[in-house]
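Overview (structure and organization)
The lines below spell out each chain.
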Amino acid sequence: MQTRLVPIEGAGFGREVRHWDPTSEIELRDALHEHGVLLFRGLTEISSVELGQRVEAMFPSMPLVRPKRNLPPDGGPMNVLGSTRNEAGEFNADYVPAATVGAPLLSADGQWDEDLENSLMNWVRGKEECTFMEWHTDATFNPWPTSYAALYCRQAGGSHTGYACARRGFQDLPDDLKALAEQAICRFRPSIIYGNRELGIPAIGSRAVQLDAVKSGNYVDSSEEDGSLEKPPHPDDPVVHHRLVQTHPHTRERSLRFSLKALETLVGRHGSLDGIAPTDAKRLAWQIMRQATRGERAYLHEWREGDLIVWDERLTQHCRVPYDATNVREMWRLVFEHDPAEQEFNEIEPQQNLTLAAN
Ligand SMILES: O=C(O)CCC(=O)C(=O)O
Ligand SMILES: [Fe+2]
């Protein structure tokens, strides 16, 4: 049977790949650059090693990174993620709970409302994460964020993952936000998520849960001593800068690439963005994310065992969706080596890992 790309049921973007045939003329990497998300179904009863081989055969120019820790028992090149537990009942996978409070993930109209304003203030004042903040592209707090990633469903446990089209997210922004987005540089501070021991900055709640759950199965809450995210970052605390709107190095299309949790604020080339105060700039970033994930631009994928979703981080926003962790969810997460085209393109048009003039 011939390889076919068909719309993903219920989604306004992405494609399902049916009957992949290695002799097909369809190049899956090109399809990924065109559609952002590719879904493969029915990969059941397959070992993690076999899955790694299948993925590498489908995407021969995208080698997988072999993680150092938390691999499946048979050692395939991936991380186990979810709510699996050992015999003592302790979580033993990379368990990161999704926030279940505050502004919700989805909104039909994308309007700024009281829930969002309250959630923003709870975040700024107390680092309280809200559900909406689950939307992200991966590793934006790194100088060279992940280019492509994938999730495979070993056991669904009734869980979902959300995806949104970051290209439409940019194209369809209202004019005022679009103009602002085009100017904006994201200042990411990894310590917001992970903490910085030397500077006495603790990790945010969900990360502390993850670290502690993997160690002991218990939950420890934490809060930053001097709390507020309204102060400028500590001068010794590393930050990275990327453009909010980025050009795809292969297709030259523009899209949004950002996340909210590690975002210190939006800035301009020479300091603040149009003189906007840090918290107001954060609010604008949240408004952009809300618009970008509204209505049919977002899609919640209900996992079935044997599903594999591969996505281009430059074209897709995604999010964890809260689920009942008393269910067993087991996902395998695959990360591909960084696409060298990103660094090459950056030489021509700097958009990532920017060095800003001191302000
Ligand atoms: O657990 C999920 O549904 C999504 C996890 C995620 O954000 C990722 O794998 O990058
Ligand atoms: Fe992610």
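My aim in this report is to walk through the structure given alongside it, one point at a time. Counting restarts for each chain, with residues numbered from 1 along the sequence as it is written. The order in which chains are written sets their letters, starting at A; the order in which ligands are written sets their numbers, starting at 1. Thresholds applied to this predicted model are a pLDDT of at least 70 for local features of residues and 80 or more for the giving and counting of side-chain atom pairs; totals over whole chains, interfaces and linings are not thresholded and use all residues.

Details of the environment of G76
Operational definition: Put simply, DSSP H or I for four residues or longer makes a helix, DSSP E for two residues or longer makes a strand, and each gets a number counted from the N terminus. Exposed residues have 12 or fewer other C-beta atoms within 10 Å of their own C-beta, buried residues have 20 or more, and partly exposed residues fall in between, where C-beta atoms are placed from the backbone. We call two residues in contact when their backbone-placed C-beta atoms lie within 7 Å.
Structurally, G76 is set in the loop between helix 2 (48-58) and strand 4 (79-82). Residue class for G76 comes out buried when judged on the 24 C-beta atoms lying within 10 Å of it. Spatially, the C-alpha atom of G76 lies 24 Å from that of E302, the residues being 226 residues apart in sequence. Not counting residues within four places of it along the chain, the set of residues in contact with G76 comprises S47, S48, V49, L51, G52 and L71.

Quick look at the site of ligand 1
Where we set the bar: In this text, near has one meaning. A residue is near a molecule or strand if its C-beta atom, placed using the backbone, is within 6 Å of it. Any residue that is not Ala, Val, Leu, Ile, Met, Phe, Trp, Tyr, Cys, Pro, Asp, Glu, Lys or Arg is counted as polar, Gly included; the first ten are nonpolar and the last four charged.
The local shell around ligand 1 consists of L81, D138, A149, L151, T161, H318, R320, M331 and R333. Elements represented by at least two residues in the shell around ligand 1 include exactly strand 5 (148-155), strand 15 (316-320) and strand 16 (330-335). Within the shell around ligand 1, the residues separate by chemical class into four nonpolar, two polar and three charged.

Section: the nonpolar core
When a protein is soluble and globular, its nonpolar side chains tend to lie buried together. Filter applied, for reference: Only buried Ala, Val, Leu, Ile, Met, Phe, Trp, Tyr and Cys residues enter a nonpolar core, and they are joined through C-beta atoms within 7 Å.
Residues A181, L256, L266, A285 and L334 are the most contacted members of the largest nonpolar core, which totals 86 residues. Look past the residues within four positions of A181 in its chain and what remains in contact with it is F170, L173, L244, V245, L256 and I288.

Things to note about unusual backbone geometry
The backbone of K127 sits at a positive phi, close to 55°, despite the residue not being glycine. Residue position: K127 is located in the loop between helix 3 (114-126) and strand 5. On the basis of neighbour count, K127 is assigned to the buried category, with 21 C-beta atoms found within 10 Å.

As for the environment of S255
Residue position: S255 is located in strand 10 (residues 254-256). When the C-alpha positions of S255 and V245 are compared, they lie 5.5 Å apart, and in sequence the two are 10 residues distant. What S255 contacts, discounting residues up to four positions off in sequence, is A166, R167, G169, F170, Q246, H248, R314 and L315.

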